[in-house]
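Inside the fold
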Amino acid sequence: MTKTLIIPGLDGSPAPHWQHWWAMTDQSALLVDQANRAAPRPEAWEAEVAGAILLHPGSILVGHSLGAVLIARLLAKWPQLQVAGALLVAPAEPARSHRLASFSPVPTLPLGVPACVVASRNDPWMSFGQAAALARCWQARLVDLGFAGHVNVASGYGPWPGGLRLRDALRAAWAPCIPGQTPSEFTLERRA
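Everything numeric in this text was worked out from a predicted model, so none of it was measured. (Residues numbered from 1 in each chain as written. Predicted model: local features only at pLDDT ≥ 70, side-chain atom pairs only at ≥ 80, totals over all residues. Heavy atoms only, no water.)

**A closer look at the overall build of the protein**
For the protein, the count of helices and strands is five helices and six strands. Across the 192 residues that make up the protein, the buried fraction comes to 54%. In the protein, of all internal contacts separated by at least 6 residues, the share reaching a separation of at least 24 is 77%. Carbon and sulfur atoms form 57% of the exposed surface of the protein, whose accessible area is close to 8300 Å². (Helix = DSSP H or I, 4+ residues; strand = E, 2+ residues; numbered from the N terminus. Buried < 20%, exposed > 50% of the residue type's maximum accessible area, 1.4 Å probe, protein only. Contact = heavy atoms within 4.5 Å. Areas by Shrake-Rupley, 256 points an atom, 1.4 Å probe, with all protein chains shown as cover.)

Written out as structure tokens, the structure is:
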């Protein structure tokens, strides 16, 4: 079974966040516990996620907010990591907060794995236009959730079964990607 590595953002994803719910209810999911969630350091977080990938090669990475940006940084830095796909939900622009600034700039290289960016039209952490531009740069599929805020608890997202369907579509559509191979297009239904 393909493992799902869940990568939270700033301050983590405590209950009842959808990432926490997934980790507690899906036996294939593992929440990657980054150190110092309140004052993150990119190098430490990258090393922790890379270590989880090395323990679980061929995993699907699911990042929210700063976790999505962390995944992009990691895949840009270490394209040889064996990752089956990436679901990047509501990426955060590091320039919007001094707490995230060390994660700038957001990489704009193709991710080299099948990927999907899930974005909202009223996300306070990144404009929809910027998320769409990153999806193009990353060669990722863009899913428009409409006006869904930051796709977190404050925006009404608890368990978020639509996100599980997006993850499962990535899992079903792709075999583990060969490093350097460019993924082809696939179709995902828009669901909140």
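**Overview of the nonpolar core**
Ranked by size, the top nonpolar core spans 39 residues in total, and within it Ile53, Leu88, Leu111 and Trp138 carry the most contacts. Within the residue set of this core, elements represented by two or more residues are β1 (4-7), α2 (42-55), α3 (66-77), β4 (83-89), β5 (115-119) and α4 (128-138). Looking at which element gives the most residues to this core, the answer is α3, with eight residues. The contact partners of Leu111, leaving out residues within four places of it in the chain, are Ala72, Leu75, Leu88 and Trp138. Ala29, Val89, Cys116 and Tyr157 belong to the second largest nonpolar core, which has 22 residues in total. (Core = buried A, V, L, I, M, F, W, Y, C linked by side-chain atoms within 4.5 Å.)

**Thoughts on the confidence of the model for the protein**
When pLDDT is averaged across the protein, the result is 89; 90% of the residues are at 70 or more. Low confidence marks residues 175-192, where pLDDT is under 50. Its contacts with residues over four positions away, or in another chain, come to 40 contacts. (pLDDT = per-residue confidence, 0-100.)

**Re the pattern of salt bridges**
A complete count under the given rule lists eight salt bridges for this structure. One salt bridge connects Asp144 with Arg121, and the closest N-O pair in it is separated by 2.8 Å. Of this pair, Asp144 sits in strand β6 (residues 141-144) while Arg121 sits in the loop between β5 and α4, placing them 23 residues apart in sequence. Judged by relative accessible area, which is 14%, Asp144 ranks as buried. We classify Arg121 as partly exposed; its relative accessible area is 44%. A salt bridge links Arg167 to Asp168; the nearest nitrogen and oxygen atoms lie 2.7 Å apart. Arg167 gets classed as buried once you look at its relative accessible area, which sits at 4%. Overlapping salt bridges, with partners in common, bring together Asp26, Arg167, Asp168 and Arg171 in one network. (Salt bridge = Lys/Arg side-chain N within 4 Å of Asp/Glu carboxyl O.)

**Concerning the packing of aromatic side chains**
Under the criterion given, the structure shown has five aromatic pairs. Through a chain of ring-to-ring contacts, the aromatic side chains of Trp18, Trp22, Tyr157 and Trp160 assemble into a single cluster. In this structure, Lys77 packs its charged tip against the face of Trp78, placed 5.7 Å from the ring centre. Directly above the aromatic system of Phe128 lies the positively charged group of Arg121, at a separation of 4.0 Å from the ring centroid. (Phe/Tyr/Trp six-rings, centres within 6.5 Å; stacked < 30°, edge-to-face > 60°. Lys NZ or Arg CZ within 6 Å of the ring centre and 35° of its normal.)

**Observations concerning α3**
With twelve residues, α3 should cover 16 Å at 1.5 Å per step; its first-to-last C-alpha distance of 16 Å lies within 8% of that length. Along α3, the positions that sit buried rather than exposed are Leu66, Gly67, Ala68, Val69, Leu70, Ile71, Ala72, Arg73, Leu74 and Leu75. (Expected span 1.5 Å × (residues − 1).)

**So, the pairing of β1**
Of the two faces of β1, the one carrying Thr4 and Ile6 and the one carrying Leu5 and Ile7 are both buried. Of the strand pairs in this sheet, β1 and strand β2 (residues 29-31) are connected by three bridges, and their pairing is parallel. Across the sheet, the residue bridging to Ile6 is Leu31, located in β2. Of the crossover connections in this fold, the one passing from β1 over helix α1 (residues 18-25) to the parallel β2 is right-handed. Two elements, β1 and strand β3 (residues 59-64), share four bridges in a ladder whose sense is parallel. Directly across from Thr4, in β3, lies its bridge partner Ile60. (Pairing = 2+ DSSP bridges. Right-handed = clockwise from strand over helix to strand, strands pointing away.)

**Re unusual backbone geometry**
Most peptide bonds adopt trans geometry, and most residues besides glycine take a negative phi value. In this structure, the amide linkage connecting Ala15 to the following residue, Pro16, adopts the cis form with an omega of 10°. Cis geometry marks the peptide bond from Ser104 to Pro105; its omega dihedral reads -10°. Note that Pro105 resides in the loop between β4 and β5. The phi angle at Asn36 is positive, at roughly 50°, despite the residue not being glycine. For Asn36, the position within the fold is in the loop between β2 and α2.

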